[in-house]
Amino acid sequence: MADFCMPSLGADMQEGTLVEWLVKAGDEVKRRDVIAVVETDKAAIEIEVYEDGVVEELVVEPGQKVPVGTVLAVIRSEGEAAASPQQRREPAAGTGGAPVPAESAAIKVAAAPAKPEPAVSVPSAPGPAAARIKASPYARRLAAERGLDLSQLPGTGPGGVIRAADVAGGVAPQVLRPGTEQAAPVVAEPAPVPPAAAAPPAKDFQAGMRRAIAAAMARSNREIPHYYLGLRIDLSRTLRRLEAENLKRPIRERILPVVPLIKAVALALGEAPELNGYWVDDRFQPQEAINIGFAIALRQGGLITPALLNADLQSLDELMAALRDLITRARSGGLRSSELTEATVTVTSLGDLGVETVYGVIYPPQVALVGFGRIMEQPWAENGMLAVRPVLTATLAADHRATDGHRGAQFLDALNRYLQEPEKL
Amino acid sequence: MTDEQIREVVLTILRRIAPESDPAALGPDDNIRRTLDIDSFDALNFFIRLDEELGVSVPEADYGRLHTLAEIVRYLAARVQ
């Protein structure tokens, strides 16, 4: 028997609102299935389950806002007999902290202590906090693709949540209701949020986003003794190779310069594994997988850093496809919990805006952040010759508890080496 | 296609990429990336859509010449069928 708890989707998350269940009691679930949608201060996230089993009981109702660690549902492992309600409650009460799925344990331990407090119920009626339109990520994506205004759609999910089916029906809602002759009453169904309230939610979102970033970054600067290293890198070889490759391709398949940079970071981390992992419980916990959290600025303000999983094992084409998918979902909804909890290091690229050097703030409990500035044409001396080259300043912000400058320097050196041999990327 | 029609296609694409901004307020000589806060990922999507809508495949080497609405319309007008 396992408790499925409100996950900590990063150091900046204290609580979340359950928006939608995608399963019901009795359903069989497989590891990595998306079974719920949770709204954080930053985004609506699809939550995955971490083991195979059968849903025994859904504990928290859609619309409820609960602290991280609160039991959302009980999942019975395969082969296990159904337990009595009495037994069911015990695991969470005894341990002082709710049991945690193994894979997000590292992050969860580092996050605010998970208290098994009674769930804080938030009415689903549009109050100041609940005023954001409740919709599943997939529904948001569909609506964005079709140019539909979510506030104008009827939500038929629990608590008036707009589901994908509602969006599909947004054009012709009557299709959803066979037997309903008149389309008008369906269309006129009260939307979860009146259009007039469209402005305040955006403000709430920004306030929530700022709060979330404030919590994580204040903790980072309070707890992490940062050190910073920078290296100017001649990118001519990597860019020449990329340009030649892109020239052969239709626009759709072109690769952005940041992609080989990400791959080079992943490979260089393989040579400096002390920078890839978490600082938890006063010690460094290295991670085998190299999952690169990529900072994505959101148009409405703020940022989110979902992970490119196993970046070291992917080809440039695969990484480009993964990045495209991640940026698109970060901006329109539909990120998954694993993408927000499994980053082992972060990459921030601010080159688009002309910034030359990034001085990063580490995202706890990670121990390193790699920053890229703008690729600029610069005078470059090599072998006694002066030339003009595209030059990139790469920086490393690292946690001095986990590594020393020497290790950081080895990482930047390895990064540079990979970028001089782009055929290895 | 007239310049005005091309301009309309470009603005429609920009509206989809930067829904929070108001591309119609864009001056002909404003730097589009700066004014609408478009990053390199958005820019790539912009060129992909241009290709889909107008059949003009802009080579990477030309990106550097296309900063403003006026420049883009002029560039496309010379190439669109």
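Calculation criteria
- Residues numbered from 1 in each chain as written.
- Chains lettered and ligands numbered in written order.
- Predicted model: local features only at pLDDT ≥ 70, side-chain atom pairs only at ≥ 80, totals over all residues.
- Heavy atoms only, no water.
- Helix = DSSP H or I, 4+ residues; strand = E, 2+ residues; numbered from the N terminus.
- Areas by Shrake-Rupley, 256 points an atom, 1.4 Å probe, with all protein chains shown as cover.
- Lys, Arg positive; Asp, Glu negative; His and termini not counted.
- Charge placed at Lys NZ, Arg CZ, Asp CG, Glu CD.
- Pairing = 2+ DSSP bridges.
- Core = buried A, V, L, I, M, F, W, Y, C linked by side-chain atoms within 4.5 Å.
- Buried < 20%, exposed > 50% of the residue type's maximum accessible area, 1.4 Å probe, protein only.
- Domains from an automatic or database assignment.
- Contact = heavy atoms within 4.5 Å.
- Buried area = accessible area lost by both parts, 1.4 Å probe.
- Salt bridge = Lys/Arg side-chain N within 4 Å of Asp/Glu carboxyl O.
- Polar contact = N/O pair within 3.5 Å; in protein donor to acceptor, adjacent residues only side chain to side chain.
- Phe/Tyr/Trp six-rings, centres within 6.5 Å; stacked < 30°, edge-to-face > 60°.
- Lys NZ or Arg CZ within 6 Å of the ring centre and 35° of its normal.
- pLDDT = per-residue confidence, 0-100.
- Expected span 1.5 Å × (residues − 1).
- UniProt positions renumbered as here; feature names shortened; annotations may be inferred.
- Axes fitted to C-alpha atoms, helices over the stretch in contact; angles between N-to-C directions.
- Parallel < 35°, antiparallel > 145°, perpendicular 65-115°, else oblique.
- Nonpolar A, V, L, I, M, F, W, Y, C, P; charged D, E, K, R; others polar.

**Things to note about the overall build of chain B**
In terms of regular secondary structure, chain B is built from four helices and zero strands. C-alpha atoms of chain B, sized along the principal axes, occupy 30 × 25 × 20 Å. Summing over all exposed atoms, chain B offers an accessible surface of approximately 4,300 Å²; the carbon and sulfur share of this is 47%. Treating the 9 positive side-chain charges of chain B as one cloud and the 16 negative ones as another, the clouds have centres 3 Å apart.

**Here's the deal with the sheet that holds strand β8 (residues 71-76) of chain A**
All names here are of chain A. Taken together, the four strands give an open sheet; going across it, the order is β1-β8-β6-β3, and neighbouring strands pair in antiparallel fashion. In this open sheet, the two strands that pair with only one neighbour each are β1 (2-5) and β3 (28-29). Looking at chain direction, β3 and strand β6 (residues 53-58) are connected through two bridges and run antiparallel. Residue pairing in the sheet places V29 in a bridge with G53 of β6.

**Here's the deal with the nonpolar core**
Residues and elements named next belong to chain A. Core analysis: the biggest nonpolar cluster contains 107 residues, and F411 and L415 have the highest contact counts within it. At 10 residues, helix α8 (residues 258-271) tops the list of elements feeding residues into this core. Domain assignment of the residues forming this core places at least three in each of domain 1 (2-110) and domain 3 (225-424).

**Comments concerning the interface of chain B and chain A**
Contact with chain B, which involves 23 residues of that partner, is made by 16 residues of chain A. A per-residue breakdown of the area chain B buries against chain A is headed by B:F41, B:L44 and B:E60, which together make up 38% of the total. Where chain B touches chain A, the interface holds five salt bridges. Note that A:R331 and B:D42 form a salt bridge whose closest N and O atoms lie 3.1 Å from each other. At the boundary of chain B with chain A, the tally comes to 12 residue pairs in polar contact (both at pLDDT 80 or more). The set of elements that each furnish at least two residues to the side of chain B that touches chain A consists of α2 (32-36) and α3 (40-54) of chain B.

**Quick look at the pattern of salt bridges**
Here the structure, examined in full by the defined rule, presents 29 salt bridges over all chains. Note that A:R336 and A:E339 form a salt bridge whose closest N and O atoms lie 3.6 Å from each other. With relative accessibility at 7%, the residue A:E339 sits in the buried group. Of the charged contacts, one joins B:R65 and B:D62 as a salt bridge, the two residues approaching to 3.3 Å between their closest N and O atoms. Judged by relative accessible area, which is 12%, B:D62 ranks as buried.

**Focus on the packing of aromatic side chains**
Residues and elements named next belong to chain B. What the rule picks out here adds up to three aromatic pairs over all chains. Judged by centre distance (5.4 Å) and plane angle (70°), the ring pair of F46 and F47 falls under edge-to-face. There is no split in this pair, since F46 and F47 are both buried. Feature note: the residues F46, F47 and Y63 constitute an aromatic cluster, connected by ring pairs. Looking at R79, its charged tip hangs above the ring of Y75, at a distance of 3.7 Å from the centre.

**Let's talk about the sheet that holds strand β4 (residues 34-39) of chain A**
Residues and elements named next belong to chain A. Pairing is mixed across the open sheet formed by five strands, whose spatial order is β7-β2-β4-β5-β16. Taken across any chain shown, the strands that pair with only one partner, and hence form the sheet edges, are β7 (65-67) and β16 (335-336). Here strand β5 (residues 44-48) runs beside β16; their pairing, made up of two bridges, is parallel. From the neighbouring strand, E46 faces β16, where its bridge partner is R336.

**A few points about the confidence of the model for chain A**
Residue and element names in this part refer to chain A. Per-chain confidence: chain A averages 80 in pLDDT, with 71% of residues scoring 70 or above. Residue range residues 85-132 is modelled with pLDDT below 50. Its contacts to residues more than four positions away, or to other chains, number 81 contacts. In this model residues 170-200 is a low-confidence stretch, pLDDT under 50, and it forms 26 contacts with partners more than four residues away in sequence or in other chains.

**Brief notes about α3(B)**
Counted at 1.5 Å a residue, the expected span for α3(B) with its 15 residues is 21 Å, and the 21 Å between its end C-alpha atoms agrees. Regarding α3(B), the residues found buried are B:F41, B:D42, B:A43, B:L44, B:N45, B:F46, B:F47, B:I48, B:L50 and B:L54. Where α3(B) is buried, its residues meet α9 (316-332) of chain A together with α1 (3-17), α2 and α4 (69-77) of chain B. The N-terminus of α3(B) is capped by B:D39, whose side-chain oxygen sits 3.1 Å from the backbone nitrogen of B:F41. Downstream of α3(B) by one or two residues, B:G55 has phi in the positive range, about 70°.

**Quick notes on unusual backbone geometry**
A cis amide bond links A:P364 with the next residue in sequence, A:P365, at an omega value of 5°. For A:P365, the location among the structural elements is in the loop between β17 (345-349) and β18 (368-372). Backbone geometry at A:N383 places phi at a positive 50°, although glycine is not the residue there. In this fold, A:N383 is placed in the loop between β19 (376-382) and β20 (385-399). With a phi angle near 55°, B:D37 is a residue other than glycine that sits in the positive phi range.

**Observations concerning the UniProt feature "domain: Carrier" (unreviewed entry) in chain B**
Following the UniProt record, one finds the feature "domain: Carrier" (unreviewed entry) at residues 4-80 of chain B. In the segment residues 4-80 of chain B, helix accounts for 56% and strand for 0%; the C-alpha atoms at its two ends are 13 Å apart.

**Details of the packing of α8(A) against α9(A)**
Residue and element names in this part refer to chain A. Taken N-terminus to C-terminus, the directions of α8 and α9 make an angle of 110°; their axes are 9 Å apart at the nearest point. In terms of their interaxial angle, α8 and α9 are classed as roughly perpendicular. Of α9, the residues touching α8 (which contributes V258, V259, P260, I262 and K263) are L316, L319, M320 and L323. Here the contact of α8 with α9 is built from residues that sort into eight nonpolar, no polar and one charged.

**Notes on the environment of B:A78**
All names here are of chain B. Along the polypeptide, A78 turns up in the segment after α4. Residue classification places A78 among the exposed residues on the basis of a relative accessible area of 62%. Considered as a pair, A78 and D3 are 75 residues apart in the sequence and their alpha carbons are 10.0 Å apart.

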